Amino acid sequence: MATTPAEQAGTASAARTVKRVAVLPGDGIGPEVIAETVQLLEHVGARWGVRFEFSYGRIGGGAIDEDGEPLPAWVVDLCRGSDAVLLGAVGGPRWDRNPPHLRPEAGLLGLRKALGVYANLRPITVFPALLSSSPLREEVVAGADFLILRELTGGLYFGQPRGRVQEAEGTAVIDTLHYTEREVERILRLGFELARSRRGHLTSVDKANVLESSRLWREVAERLAPEYPDVTLQHLLVDNAAMQIVRNPRQFDVVVTENMFGDILSDEAAVITGSIGLLPSASLGESGPGLYEPVHGSAPDIAGTGRANPLAAFLTAAMMLRHSLGLPEAADAVEQAVAAVLADGLRTADIAREGEAALSCREMGDEVRRRIQGRDDV
Ligand code: IPM
Ligand code: MN
């Protein structure tokens, strides 16, 4: 991996043995998967000689209920004062009818913006043990291994003006797709860097045949390309990219794209791995703590049933150990333990096939912890 500024900060803090982690469990299955993840980290800490200091904050629906807003200022302060932020998920039907600024999602978007985490890394890897869990054919998904790099603090999600307006013909709505050249360049540069640290292939996804923002995006990508002669740059229109991801996912190494396209393509790519319950993500800024959240949502339909899959949250914790806490070997150990439970045939409900027993969230947590190799073991 290329070293991002946040990662350098992480390495610097490796000298300290105390790692401060802000924990925002959130709504739905968030608290269940995060409880298992905190236990996993405690276990990792004990095996690797690191002390984690967890401080808890509220975000999303829970914060709306308790604090009257989805992202209270004290939570932003808590996050800013930590080495990394671990978040579960936000949202649920309870708050679906709230006005936009009192929706749980507003808390998440506000936190991303407040922390300036413009780069969202969503790795898509296939576990050999789960090849048959994907609805796609095994020969299509086998060996797929790519990284979606999603711009996270610009574009349609944040552009102004937005809202409802009255026009002569009646109600109209506005969303604005806004990017500065600087924002585009910084995410594309990271794309080149990450591609350089992997297999040297960068796919830039846009809609340059229609959108002005995409034309600038493509221009900047072309301008930067000569600085990275070891990286092959390819442009793909987003509609074609959506098709290629399920047609032949092995062709991708790093896929860099704007906020909304990245949101959509990363859910689509989850199909390759068999379950969105397996996808981790890391959001990094130019400085300050990284934000770590599984790609899955709050899954209100199964919240409280103990059926949630904690593996995405575990893999997310691995990304946190690697990118913000300067503990790459502990990260490897977590990833290997996750691969090991899957290889041993253990499944949660989302990835169990008919007739296969499904472990609860907690049981899966126990099994992964039991397989963690520590520094003392080598
Ligand atoms: C994601 C989610 C969020 C997003 C929602 C919950 C606001 O879908 O992280 O992909 O659209 O970014
Ligand atoms: Mn999404």
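Residues numbered from 1 in each chain as written. Chains lettered and ligands numbered in written order. Predicted model: local features only at pLDDT ≥ 70, side-chain atom pairs only at ≥ 80, totals over all residues. Heavy atoms only, no water.

**Notes on the site of ligand 1**
Then comes step 1: Looking at ligand 1, the residues that line it are E105, R112, R122, R150, Y157 and D263.
Then comes step 2: A distance of 2.9 Å is found between an oxygen atom of ligand 1 and a side-chain nitrogen or oxygen belonging to R122.
Then comes step 3: For ligand 1, whose free accessible area comes to 320 Å², the fraction covered by protein is 77%.
Then comes step 4: A breakdown of the residues in the shell around ligand 1 according to their chemical character gives one nonpolar, no polar and five charged. (Near = heavy atom within 4 Å. Polar contact = N/O pair within 3.5 Å; in protein donor to acceptor, adjacent residues only side chain to side chain. Areas by Shrake-Rupley, 256 points an atom, 1.4 Å probe, with all protein chains shown as cover. Nonpolar A, V, L, I, M, F, W, Y, C, P; charged D, E, K, R; others polar.)

**Brief notes about the confidence of the model for the protein chain**
Then comes step 1: Per-residue confidence for the protein chain gives a mean pLDDT of 94, with 95% of residues at or over 70.
Then comes step 2: Segment residues 8-15 is flagged for pLDDT under 50; beyond a separation of four residues in sequence, or across chains, it makes 12 contacts in the model. (pLDDT = per-residue confidence, 0-100. Contact = heavy atoms within 4.5 Å.)

**Here's the deal with the nonpolar core**
Side chains of nonpolar character tend, in soluble globular proteins, to be buried together.
Then comes step 1: In terms of nonpolar packing, the biggest core is built from 72 residues, with F52, L121, L311 and L321 touching the most fellow members.
Then comes step 2: Broken down by element, this core gets its largest block of residues, nine residues, from helix α11 (residues 311-323).
Then comes step 3: Mapped onto the domain boundaries, this core takes at least three residues apiece from domain 1 (1-121 + 276-378) and domain 2 (135-272).
Then comes step 4: With sequence-adjacent residues up to four places away left out, L321 is seen in contact with L41, V44, F52, G326, L327, P328, A330, A331 and V334.
Then comes step 5: Counting residues in hydrophobic clusters, the runner-up holds 21 residues, among them V205, L265, A270 and I272. (Core = buried A, V, L, I, M, F, W, Y, C linked by side-chain atoms within 4.5 Å. Buried < 20%, exposed > 50% of the residue type's maximum accessible area, 1.4 Å probe, protein only. Helix = DSSP H or I, 4+ residues; strand = E, 2+ residues; numbered from the N terminus. Domains from an automatic or database assignment.)

**Structural notes on helix α2 (residues 30-48)**
Then comes step 1: Given a rise of 1.5 Å per residue, 19 residues ought to cover 27 Å, and the 26 Å separating the end C-alpha atoms of α2 matches this to within 8%.
Then comes step 2: Among the residues making up α2, those that are buried are G30, E32, V33, I34, E36, T37, V38, L40, L41, V44, G45 and W48.
Then comes step 3: For α2, the secondary structure elements touched by its buried residues are β1 (18-26), β2 (51-56), β3 (84-89), α11, α12 (328-343) and α13 (361-370).
Then comes step 4: Phi turns positive, to about 70°, at G49, one or two residues after α2. (Expected span 1.5 Å × (residues − 1).)

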